[in-house]
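Next come the chains, spelled out residue by residue.
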Amino acid sequence: MKDLVPQNIEAARKGDQTAFTFLLNFYWSEVYNYILKRSANEADSEDITIETFSKAFSSINSYKPEFAFNTWLISIAKNVHIDMIRRRKNMSFVDLNDEYNSEYSNIVDDTSNIEDKLIKEQSLAIFKNYIKLLKPHYQEVIELRFFQELSYNEISEVLNEPLNNVKVKIMRAKKLLAEIILKQIDHNFNL
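Residues take numbers from 1 onward in each chain, read along the sequence in its written order. Confidence filtering applies because this is a predicted model: local features only for residues at pLDDT of at least 70, side-chain atom pairs given and counted only at 80 or more, and all residues used for totals across whole chains, interfaces and linings. Excluded from the side-chain calculations are hydrogens and water; all other atoms, namely the structure's heavy atoms, are used.

As recorded in an unreviewed UniProt entry, the protein chain goes by the name RNA polymerase sigma-70 factor, ECF subfamily, listed as coming from Myroides phaeus. UniProt positions are given in the numbering used here, feature names are shortened, and annotations may be inferred rather than shown by experiment. The annotation that UniProt attaches to the protein chain under Sequence similarities (unreviewed entry) is "Belongs to the sigma-70 factor family. ECF subfamily."

1. Observations regarding helix α1 (residues 5-13)
Partly exposed describes any residue whose relative accessible area lies between the buried limit of under 20% and the exposed limit of over 50%, with all areas from a 1.4 Å probe on protein chains only and scaled to the type maximum. Labels follow the DSSP assignment, with helices taken as runs of H or I lasting at least four residues and strands as runs of E lasting at least two, numbered in each case from the N terminus. Of all the residues in α1, the buried ones are V5, N8, I9, A11 and A12. Summarising the axial view, the buried residues of α1 lie within an arc of 165°, below the 170-degree limit, and thus occupy one face. Along α1, exposed side chains directed more than 90 degrees from the buried face belong to P6 and Q7. The directions from the helix axis to the C-beta atoms are what the arc is built from.

2. Description of the nonpolar core
Counting residues in hydrophobic clusters, the biggest one holds 48 residues, and the most contacted among them are L23, F53, F69 and L73. Contributing elements (two or more residues each) for this core: α1, α2 (17-39), α3 (42-58), α4 (69-92), α5 (114-131), α6 (136-147), α7 (152-159) and α8 (163-190). Looking at this core, the element that brings in the most residues is α2, giving 10 residues. Annotation comment: domain bounds sourced from an automatic or database domain assignment. Each of domain 1 (1-99) and domain 2 (111-190) contributes no fewer than three residues to this core. Only heavy atoms enter the contact rule, under which two residues are in contact if any of them lie within 4.5 Å. Not counting the four nearest positions on each side in its chain, F69 is found in contact with I9, L23, Y27, I60 and Y63. Nonpolar cores are built from buried Ala, Val, Leu, Ile, Met, Phe, Trp, Tyr and Cys residues. Side-chain atoms within 4.5 Å join them into one set.

3. A short note on the side chain of N70
Along the chain, N70 turns up in helix α4. Here a polar contact means two N or O atoms within 3.5 Å. Within protein one must be a hydrogen donor candidate and the other an acceptor candidate, and residues neighboring in sequence count only if both atoms are side-chain atoms. For N70, the side chain forms a polar contact with the side chain of E30, separated by 2.8 Å. Once you skip the residues sitting within four places of it in the chain, N70 turns out to touch Y27 and E30.

4. With respect to the packing of α2 against α3
For helices, the fitted line uses only the C-alpha atoms of the stretch in contact; every axis is such a line through C-alpha atoms, and the angle between N-to-C directions lies from 0 to 180 degrees. Where α2 contacts α3, the axes come no closer than 9 Å and their chain directions differ by 135°. Accordingly, the angle class assigned to the pair α2 and α3 is oblique. As α2 runs across α3, the sense of the crossing is right-handed. Seen from α2, the contacting residues are F20, L23, L24, Y27, W28, V31, Y32, I35, L36 and S39; seen from α3, they are E42, D44, S45, E46, I48, T49, I50, T52, F53 and F57. Any residue outside Ala, Val, Leu, Ile, Met, Phe, Trp, Tyr, Cys, Pro, Asp, Glu, Lys and Arg is labelled polar, Gly included; the first ten of those are nonpolar and the last four are charged. Each residue belonging to the contact of α2 with α3 can be placed in one class, and the counts come to 13 nonpolar, four polar and three charged. Should an angle fall under 35 degrees it is called roughly parallel, over 145 degrees roughly antiparallel, and 65 to 115 degrees roughly perpendicular, with every other angle called oblique. In this scheme the handedness of a crossing depends on how the near helix is turned from the far one: anticlockwise by less than a right angle means left-handed, clockwise means right-handed.

Structure representation (structure tokens):
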């Protein structure tokens, strides 16, 4: 199986989806288990692993064959994990720096008002409209994963598909959705 890796990397560079699937299946456990040890969170590990493969497949032409492919994937996974930690850290706390209440710095502001609720509802409606631009099978996995919050295993059971197919489908759906959103933003910006 290991001897098939170089030819699948080369085929993936040419856009061969079967080669992408082979590489995903071959390296999934290694990347997932590495991240699971670092994050100790299964859902985060799945998301990070999917994003890792998405980034790897998007930039596969930058892979240098003198390095092991799994080492390249692990370095991408480390960076994705670090980025996730930074995003959460930046989003989680509000630094008040009040001269009278310095002991209250970094308190989470979880209060919600009517404006926040309206903005959230409008954003969700816009996001759902973007999702409607995807093919139905991608809409379905996005709905199951992010709105019904099913695990990958549960989605696999619901769809009666192998787990790795579900992971690939979600990865592709997220990538296509991101492309749709970026095109729409670019289009609106150029108007």
